[in-house]
Amino acid sequence: MIWDNAFAISIIPMLLKGLWVTIQLTLLGTLIAAVLGLVAAVIRRLNIPVLSPLVSFMVIFIRGTPLLIQAYVAFFVLPIYGISFNAFTTGVVIIGINYSAYMAEVYRSGIQGVPAGQWEAATALSLPPVRTWCRVILPQAVRTVIPMLGNYLIQMFKDSAVLSAITVVELMATAQSIGTSTYRYLEPLTMAGALFLLVSYPASRLVNKMERRYAPKQ
Amino acid sequence: MSAIIEYAPLLWQGLMTTILVAVLSGALCLLVAFSMGLARLSPHWIIRWPAGVFVEVFRGTSLIVQMFWFFYALPFFGIQLHPLTAAVLALGLNEGAYAAEVVRGAISSRAKGQTEAGIALGMSPALRLRRILIPQSIPAMLPPFGNVMVDLLKNTSLVSLVTVTDLTFRAQMIRSTTGETAAVFLTILVMYFLLSVLLTMLTQWMEKRYALDRRALAVQRKALREASLKDKVGAL
């Protein structure tokens with residue numbers, strides 16, 4: 001028989017452990033991406049000489065290069081200069097930085113969507129810049145951005161499998177190691193795929209619902 | 001840096017493989033995008049549902065899982081794929097599933113009046129699609145298609161994990177023989193970046209080329225030219 005059911009059931013606990021690592025990776029990575037992306041978007045908007053163009057270039061560069069290579073650079077090159085973390089930390093930071101470049105664009109469109117009158121009102125009230133940003137602009141900008149962040153969260157959940165290449169033991173790496181040790185790839189890989197689908201499909205449905213709820217009023 | 005120059009031919013070969021993988025899977029991606037995207041708009045559930053399942057499965061799981069599945073799990077069914085075939089198949093089907101949603105979204109967001117006018121003129125559904133809905137949707141599809149293609153290009157780096165000797169694979173080889181880790185990885189990072197910049201420029205050019213207003217202008221100009229030509233013929 002091609003599909004060994006008993007074997008498939010016996011590897012579920014191991015795969016679930018891998019799935020839990022994947023989820024941790026995704027949540028921490030999204031947190032980093034959400035914060036860094038916001039910082040990048042605000043810096044770009046402030047038009048600071050040297051710094052703003054530099055951040056803009058970084059965003060374009062990160063978006064134009066593969067996550068796998070970025071992970072390799074962090075994992076193989078940085079230790080040469082004495083900077084080394086364990087695989088999980090490296091993975092979280094790299095995927096966080098990678099997605100922050102995408103989120104910066106999302107925030108940018110959110111900030112652009114805030115009507116000019118809001119800026120003018122803040123200026124008319126002579127609000128200091130920090131309060132203008134924190135109390136007027138960002139609360140309105142982030143609201144429209146939330147569903148997009150959800151989409152990127154799901155995307156990151158699937159993309160985090162790439163980090164198995166730098167020895168982060170998440171779902172994909174677990175499936176792969178079960179495969180190499182038992183010479184049976186069909187069950188672990190199929191089940192890993194099913195687990196990814198099981199989480200990401202309902203999640204994307206949820207985000208779709210949120211999208212409709214938070215959509216800016218036309 | 002000297003290691004890079006010494007091993008440049010190897011990197012070149014890798015680059016060619018990367019481009020080959022990108023072109024082949026890009027073609028497959030377009031094929032899948034239109035067939036699945038249109039199938040999801042079909043009024044018959046027997047066509048719509050399988051396409052929906054296909055798109056959700058390929059979008060809902062990781063590309064890398066799919067690639068490994070084609071490479072390691074298919075042999076259990078007696079199907080042994082060449083690494084390149086498995087890689088192209090996984091990349092094309094995965095990105096095709098994303099692009100299918102682009103096709104579906106672009107076509108279903110056309111103004112309803114266009115379909116109604118087609119019906120009023122007695123056009124068959126296939127003709128409406130071919131002559132009205134698809135041509136009108138192309139400009140709307142181009143920007144998201146460009147994103148999918150850049151994504152596809154970047155994801156070709158994953159084919160190195162199923163032993164396709166692409167740019168990333170060659171870089172790993174050079175790294176393990178020379179130990180020049182930093183130089184090698186930074187070089188290919190820049191190479192990938194240049195490739196995606198080129199691809200972005202190409203799609204931007206196409207966006208301009210196929211922009212609706214530009215076509216409208218061209219049509220107008222042609223009509224004017226023909227009209228003036230007719231005047232001349234009439235004068236004769």
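Quantities reported herein were computed from a predicted structural model and do not represent experimental measurements. (Residues numbered from 1 in each chain as written. Chains lettered and ligands numbered in written order. Predicted model: local features only at pLDDT ≥ 70, side-chain atom pairs only at ≥ 80, totals over all residues. Heavy atoms only, no water.)

J.: Can you walk me through the UniProt feature "transmembrane region" (unreviewed entry) in chain A in this structure?
T.: All names here are of chain A. In this structure's numbering, the residues bearing the UniProt feature "transmembrane region" (unreviewed entry) are residues 20-43, 50-69, 75-99, 161-179 and 185-203. Taken end to end, residues 20-43 is 100% helix and 0% strand, and its first and last C-alpha atoms sit 35 Å apart. The span residues 185-203 shows a helical share of 95% and a strand share of 0%, and its end C-alpha atoms are spaced 27 Å apart. (UniProt positions renumbered as here; feature names shortened; annotations may be inferred. Helix = DSSP H or I, 4+ residues; strand = E, 2+ residues; numbered from the N terminus.)

J.: Mind showing me how you'd approach the packing of aromatic side chains here?
T.: Summed over all chains, the structure comprises 20 aromatic pairs over all chains. Aromatic side chains F34(B) and F145(B) sit 6.2 Å apart centroid to centroid with 80° between the ring planes, which places their arrangement in the edge-to-face category. Taken together, the residues span a long stretch of sequence, with F34(B) in helix α2 (residues 8-39) and F145(B) in helix α7 (residues 125-155) at a distance of 111 residues. According to the relative accessible area criterion, F34(B) is partly exposed, its value standing at 23%. For F145(B), a relative accessible area of 11% translates into the label buried. Each ring, one from W69(B) and one from F77(B), has its centre 6.2 Å from the other, and the planes form 40°; the classification is tilted. A residue is classified by how much of its surface remains accessible, and F77(B), at 41% relative accessible area, is partly exposed. Grouping aromatic residues by their ring pairs yields a cluster made of Y72(A), F75(A), F76(A) and F185(B). Stacked on the ring of F76(A), the Lys or Arg R175(B) has its end atom at 3.9 Å from the ring centre. Directly above the ring of Y210(B) sits R209(B), whose terminal nitrogen or CZ lies 5.0 Å from the centroid. (Phe/Tyr/Trp six-rings, centres within 6.5 Å; stacked < 30°, edge-to-face > 60°. Buried < 20%, exposed > 50% of the residue type's maximum accessible area, 1.4 Å probe, protein only. Lys NZ or Arg CZ within 6 Å of the ring centre and 35° of its normal.)

J.: Explain helix α9 (residues 186-214) of chain A here, please?
T.: Each α-helix winds once per 3.6 residues, and so residues spaced three or four apart point in a common direction. Taking 1.5 Å of rise per residue, the 29 residues of α9(A) would be expected to cover 42 Å, and the 41 Å separating its terminal C-alpha atoms lies within 8% of that figure. Those residues of α9(A) that sit buried are L186(A), E187(A), P188(A), L189(A), M191(A), A192(A), G193(A), L195(A), F196(A), S200(A), S204(A) and V207(A). Of the surrounding secondary structure, the elements contacted by the buried residues of α9(A) are α1 (5-10), α2 (12-46), α7 (129-159) and α8 (171-182) of chain A together with α3 (45-60) and α4 (63-73) of chain B. (Expected span 1.5 Å × (residues − 1). Contact = heavy atoms within 4.5 Å.)

J.: Please clarify how the interface of chain A and chain B should be interpreted in this entry.
T.: A common way to state how big an interface is: give the accessible area lost once the parts meet. Listed as interface residues are 37 residues of chain A and, on the opposing side, 31 residues of chain B. Taken together, both faces of the contact between chain A and chain B bury some 3,100 Å²; the carbon and sulfur share is 76%. The interface formed by chain A and chain B holds zero salt bridges in total. At the junction of chain A and chain B, the tally comes to nine residue pairs in polar contact (both at pLDDT 80 or more). Among the elements of the structure, α3 (51-63), α4 (67-77), α7, α8 and α9 of chain A are those that each provide at least two residues to the side of chain A that touches chain B. Ranked by the residues each element gives to the side of chain A that touches chain B, the list is headed by α9(A), at eight residues. (Buried area = accessible area lost by both parts, 1.4 Å probe. Salt bridge = Lys/Arg side-chain N within 4 Å of Asp/Glu carboxyl O. Polar contact = N/O pair within 3.5 Å; in protein donor to acceptor, adjacent residues only side chain to side chain.)

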